[in-house]
Amino acid sequence: LTRLTQRAVEAVRPIAATKHIWILNQAAGPSLPIVADPVRLEQVLMHLLFAAVKYTPSGGRVRVGTEVESGPAVRLDDLDLADGVRPDLFPHLYYGAIANPADVPGPDRGLAVAKRILDAHHATVALSDRPGDGTSLHVVFPFAEHALAA
């Protein structure tokens, strides 16, 4: 999971640079093995990061990292700007991937597809939005040994 996340960050970083968006890559440490289709999962991670960059104002910050929560996890934070300007990521993630993904038209359709791929990987998705902190997306996967037993 860590390696896939790092590759997704590096793929999206040039796009972020054109908008002067800083990506803090905290995807380091242990490999956090999961049972996954690596091609599809890397595409999902890139799509989520691209959405964060797309809906972040110029000069914004996006933080991405891997960690262990109840399983191997990816955390993506679209941080509020110092002057109080808020990124516009939350409604796109919520309506595009969480609320009714089957009914999503237009540009957020890819987020609905990303959610279906995460569901196929038995991932749990949590989304929060707090003024001053920004939008946080947590994607938690089952541990590799739990996924093999299922």
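Check the entry above for the structure.
Everything numeric in this text was worked out from a predicted model, so none of it was measured.

A.B. asks: Explain helix α2 (residues 38–54) here, please?
C.D. replies: In this model, α2 (17 residues) spans 24 Å end to end at C-alpha, consistent with the 24 Å of a helix rising 1.5 Å per residue. Buried residues of α2: Leu 41, Glu 42, Val 44, Leu 45, Leu 48, Leu 49, Ala 51, Ala 52 and Val 53, and no others. The N-capping residue of α2, defined by a side-chain oxygen 3.1 Å from the backbone nitrogen of Val 39, is Asp 37.

A.B. asks: Explain the nonpolar core here, please?
C.D. replies: Soluble, globular proteins show a tendency: their nonpolar side chains are buried together. With 33 residues, the main nonpolar core has Ile 23, Leu 41, Leu 49, Leu 118 and Phe 141 as its most contacted residues. Only α1 (2–18), α2, β2 (61–68), β3 (72–79), α3 (89–99), α4 (109–120) and β5 (134–140) provide two or more residues apiece to this core. With eight residues, α2 is the largest single contributor of residues to this core.

A.B. asks: Would you take a moment to explain the side chain of Thr 66 for this structure?
C.D. replies: Relative to the helices and strands, Thr 66 is located in strand β2. A relative accessible area of 9% places Thr 66 in the buried class. A polar contact of 3.3 Å, which involves the side chain of Thr 66, links it to the side chain of Thr 2.

A.B. asks: Got a minute to help me understand the sheet that holds β2 in this structure?
C.D. replies: Strand pairing in a sheet relies on backbone hydrogen bonds, with the paired strands running either antiparallel or parallel. Here we have five strands laid out as an open sheet, ordered β1-β2-β3-β5-β4, and mixed in their pairing. Each having just a single partner strand, β1 (22–26) and β4 (124–130) make up the two edges of the open sheet. Sheet twist, expressed as the average angle between the axes of neighbouring strands with direction ignored, equals 15°. Looking at chain direction, β2 and β3 are connected through eight bridges and run antiparallel. Bridge assignment links Val 62 to a residue of β3, and that residue is Asp 78. Against the sheet, α1 engages β1, β2 and β3, with an angle of about 170° to β1.

A.B. asks: For this particular structure, what's the right way to read the side chain of Asp 77?
C.D. replies: Counting through the fold element by element, Asp 77 comes out in strand β3. Setting aside residues no more than four positions away along its own chain, Asp 77 makes contact with Arg 61, Val 62, Arg 63, Thr 135 and Ser 136.

A.B. asks: Can you walk me through the packing of α1 against α2 in this structure?
C.D. replies: Packed helices, taken two at a time, are described by the angle between their axes plus the distance between the axes. Two numbers describe how α1 lies on α2: the axes approach to 9 Å, and their chain directions differ by 35°. Helix-helix and strand crossings are classified by hand; for α1 and α2 the assignment is right-handed. On the side of α1, the interface is formed by Leu 4, Thr 5, Arg 7, Ala 8, Val 9, Ala 11, Val 12, Ile 15 and Ala 16, while α2 contributes Pro 38, Leu 41, Glu 42, Leu 45, Met 46, Leu 49, Phe 50 and Val 53. Counted by class, the contact of α1 with α2 contains 14 nonpolar, one polar and two charged residues.

Scoring rules and cut-offs
- Residues numbered from 1 in each chain as written.
- Predicted model: local features only at pLDDT ≥ 70, side-chain atom pairs only at ≥ 80, totals over all residues.
- Heavy atoms only, no water.
- Helix = DSSP H or I, 4+ residues; strand = E, 2+ residues; numbered from the N terminus.
- Expected span 1.5 Å × (residues − 1).
- Buried < 20%, exposed > 50% of the residue type's maximum accessible area, 1.4 Å probe, protein only.
- Polar contact = N/O pair within 3.5 Å; in protein donor to acceptor, adjacent residues only side chain to side chain.
- Core = buried A, V, L, I, M, F, W, Y, C linked by side-chain atoms within 4.5 Å.
- Pairing = 2+ DSSP bridges.
- Axes fitted to C-alpha atoms, helices over the stretch in contact; angles between N-to-C directions.
- Contact = heavy atoms within 4.5 Å.
- Left-handed = near helix turned anticlockwise from the far one by under 90°.
- Nonpolar A, V, L, I, M, F, W, Y, C, P; charged D, E, K, R; others polar.

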